[in-house]
Structure formats: C-alpha cells, structure tokens
Amino acid sequence: MTNRRNFFKQATALAMGGLLLGKTESLSAATKAVNASTGKKNIGLQIYSLFDELYDNLPERLKQLRKMGYTNIELAGYSPDGKIHGVPIMEFKKYVDDADLVIKSTHVQPGVWEYTNSNKSQIMDYWKKTAEDHAKMGVKLLVQPGLPATRSIEEVKQVCDVFNEVGEYIKSNGMKFGYHNHDMEFARVKSGGNGAVLQFRSNDPKIYDLFLENTDPDLVFFEMDCYWTVIGQNDPVEYLQKHPTRIQALHVKDRHVLGKSGFMNFEAIFNQANENGITNFFVELEGMPQGKTQMEGVEECAKYLLKSKFVK
Ligand code: MG
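In short, a report on the structure.

The rules behind the values
- Residues numbered from 1 in each chain as written.
- Predicted model: local features only at pLDDT ≥ 70, side-chain atom pairs only at ≥ 80, totals over all residues.
- Heavy atoms only, no water.
- Pairing = 2+ DSSP bridges.
- Helix = DSSP H or I, 4+ residues; strand = E, 2+ residues; numbered from the N terminus.
- Core = buried A, V, L, I, M, F, W, Y, C linked by side-chain atoms within 4.5 Å.
- Buried < 20%, exposed > 50% of the residue type's maximum accessible area, 1.4 Å probe, protein only.
- Contact = heavy atoms within 4.5 Å.
- Right-handed = clockwise from strand over helix to strand, strands pointing away.
- Salt bridge = Lys/Arg side-chain N within 4 Å of Asp/Glu carboxyl O.
- Phe/Tyr/Trp six-rings, centres within 6.5 Å; stacked < 30°, edge-to-face > 60°.
- Lys NZ or Arg CZ within 6 Å of the ring centre and 35° of its normal.

**Thoughts on the sheet that holds strand β4 (residues 83–84)**
Then, in step 1: Judged by pairing direction, the sheet is antiparallel, and its three strands sit side by side in the order β3-β4-β5 without closing on themselves. Sheet topology places β3 (78–79) and β5 (87–88) at the edges, where each strand pairs with a single neighbour.
Then, in step 2: Relative to β5, β4 is paired through two bridges, and the arrangement is antiparallel. For K83, the partnering residue across the bridge sits in β5 and is P88.

Laid out in structure tokens, this is it:
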C-alpha cells in the first residue's frame, strides 16, 4: 500500500513512471448528472487521491470531478521545474478553469529532510520558486505535507524557526503557509533525544503541540488530517476545540471511502469545524479496496458529503 508519506519519498521516481495504477473505465452513470442541490456545498479534493488516473485524460477527469459535486481542489505533484505531474502549471490551471473548479491549496515541500543552518538557503530557494509559481496560478494556501527530521525538542524548534521564516515569506507574497500532519506528528520527543515515540501516555511533548506552540499564528496555519490524527491516537474534535484559529483547513479522510470504516466520527468533526468557521476542507482517499478505481472512490466520497447534513 502506498501511503502519503511513502508517496512523497517516492514522488520524484513515480512522477512520470505511471507506477500508481488505476483504471477509470467503469465510472458510474451518476457522474453524468449534476444534482442541482449539490452546487451549494464547497467540497474540495486533494488530487493525490486519484493517483495516475487523473492524468490519463486530465481535462476530462477534472470535468468529471465537477460533475460529482467537487468545487475546488488542492494540488499535489508540483515540482520547481514549473510542472504538476509533468504538466506545465498554466496549462494545468487552464484545464482547472475549463472544468469550473478552483485551486484553493497545494501540497508542496522542499526535498530536504534535516533542517540545518547550512541548508536553510536551499530550503528558502525552493519556497521562493514555489511561491512565485503558485502566485501565477492564484493559489492562496501553500501547505507542507510531511515531517522533516524532528527527533528531539531542539530539532522540532529548529523546524519551527524555518516554518516561521517560510510563513513570513509566503505571507509577504499574499499567500498563507500551512502544515499538514500524518500520525507521527503525535509522537513524543525528549530534549536531546534521538527519536520520536508514538505513545498515548507520557509527559514528553508531542511534536504537533510543539509545532503549535513554537510557530507564529500570523505566519503558520494548520491543515489537520483528521484520519491521521485518529491513527496517531488523538481526537480531531479536541484539537479543533483547543485551537479554533490555528487549524484553518481539514483533510477529510477515512480508511478508504468516507464514512465506511467506523474509525471516523465525521458528524462531530464537521459540527466543530462549522463552529470554528472552517471552510477549507479536502477529501483525501488513499488506496481503494481491490477492484475499485480511485475515481469511483472519490465519487462515493462526494456523495457521502453531499448527503450529510452536517456538511454545510
Ligand atoms: Mg492528508
């Protein structure tokens, strides 16, 4: 199973290789009909959810997403050569416009694991080019989706210093910088430690909490992946209650299709997110059970959200 963390490690190798398999021949007829009542909800999709299926016919796939009820997307697969999965950014943007979708956000991350004083300029060079390209596309949210090295409290604080600097630069260019979690952000670290441990009961601080404490609220927001928060043995609702202004976007994700596993209480999550005024949320789907395509999966996810009264 390719999970998101592995995906980012392998992204360069996979980008053009077509190794993330999927077929889209069997889309249900329901995609052809737009339900008039569905246009009222602004439902987003993290396009990583489609793996390579998106690129067998990008313009058509985007139009199909709009017909399913999605109104906006979050990008994945940008590289600083000005392409998204090999498609030049402005060509990609045109296909999105033609499909009547909006690019709200993007997942982007420099290819640097350890943040040190010696490679900070390399990290900032990445963000300068990335900000420039995304400004051209009119994208407002730039989100880092994965952890750099955070094996001790000191290393976490160094990462936060870089996040603040990146956030300041992104803000000065009229956009916002955010961080997206998996489960390992809920691991705990020690001062001078050499590793992070995912442990429910401990007095050591969680990486995620250190991120919240040591980043500037004016410069860094959080996109909470609700599923990975649960897998990390934490409660997304509790975090939303405790940090109502810091968490400004959500990844709405389940084990496979939304609402099927029993892992996730989306009603409670959305009720709190609505109270907090969160309007940016993106469906994310990783591997589908055998025999189903990613397109079928994201369509089922859209149907779930469209019929759910707690999604406003
Ligand atoms: Mg996610």
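**Regarding the nonpolar core**
Then, in step 1: Within the largest apolar cluster, 88 residues are counted, with the highest numbers of intra-cluster contacts made by L65, Y70, L250 and L305.
Then, in step 2: Top element by residues in this core is helix α5 (residues 153–172). It accounts for eight residues.

**Comments concerning the side chain of T150**
Then, in step 1: Mapped onto the fold, T150 is located in the loop between β7 (141–144) and α5.
Then, in step 2: Judged by its relative accessible area of 5%, T150 is buried.
Then, in step 3: Once residues lying within four places of it in the same chain are set aside, the contact partners of T150 are E155, V156, V159, V189, A196, I207 and F211.

**What about the pairing of strand β8 (residues 176–180)?**
Then, in step 1: Of all five residues in β8, four are buried, a share of seventy percent or more.
Then, in step 2: With four bridges joining them, β7 and β8 adopt parallel strand pairing. Paired with L142 across the strands is F177, a residue of β8.
Then, in step 3: Chirality of the crossover, the property in question, places the unit of β7, α5 and β8 among those that are right-handed.
Then, in step 4: Inspection of the sheet shows β8 paired to strand β9 (residues 220–225) by four bridges, in the parallel sense. Looking at the pairing, H180 lines up with E223 of β9.
Then, in step 5: After leaving β8, the chain enters helix α6 (residues 207–214) and then returns to the sheet as β9, a path that is right-handed.

**Topic: the pattern of salt bridges**
Then, in step 1: A full pass over the atoms with the stated rule returns 13 salt bridges.
Then, in step 2: A salt bridge links D133 to K129; its shortest N-O distance comes to 2.7 Å. With D133 and K129 both in helix α4 (residues 120–137) and four residues apart, the pair spans about one turn of that helix.
Then, in step 3: On the basis of relative accessible area, K129 is assigned to the partly exposed category, the value being 29%.
Then, in step 4: For the salt bridge of K292 with E300, the shortest nitrogen-to-oxygen distance reads 2.9 Å.

**Considering the packing of aromatic side chains**
Then, in step 1: This structure, assessed with the given rule, holds 18 aromatic pairs.
Then, in step 2: On the numbers, 6.5 Å between centres and 55° between planes, the contact of Y55 with F92 is tilted. Highlighted residues: Y55 in the loop between β1 (43–46) and α2 (58–68) and F92 in helix α3 (residues 89–98), separated in sequence by 37 residues.
Then, in step 3: We classify F92 as buried; its relative accessible area is 0%.
Then, in step 4: Taken together through their ring pairs, the aromatic side chains of Y126, W127, F163, F177, Y179 and F211 make up a single cluster.
Then, in step 5: Its guanidinium or amino end placed over the ring of F221, K176 lies 5.9 Å from that ring's centre, counting from NZ or CZ.
Then, in step 6: The cationic tip of K253 hangs over the ring face of Y227; the distance from NZ or CZ to the ring centre is 4.4 Å.

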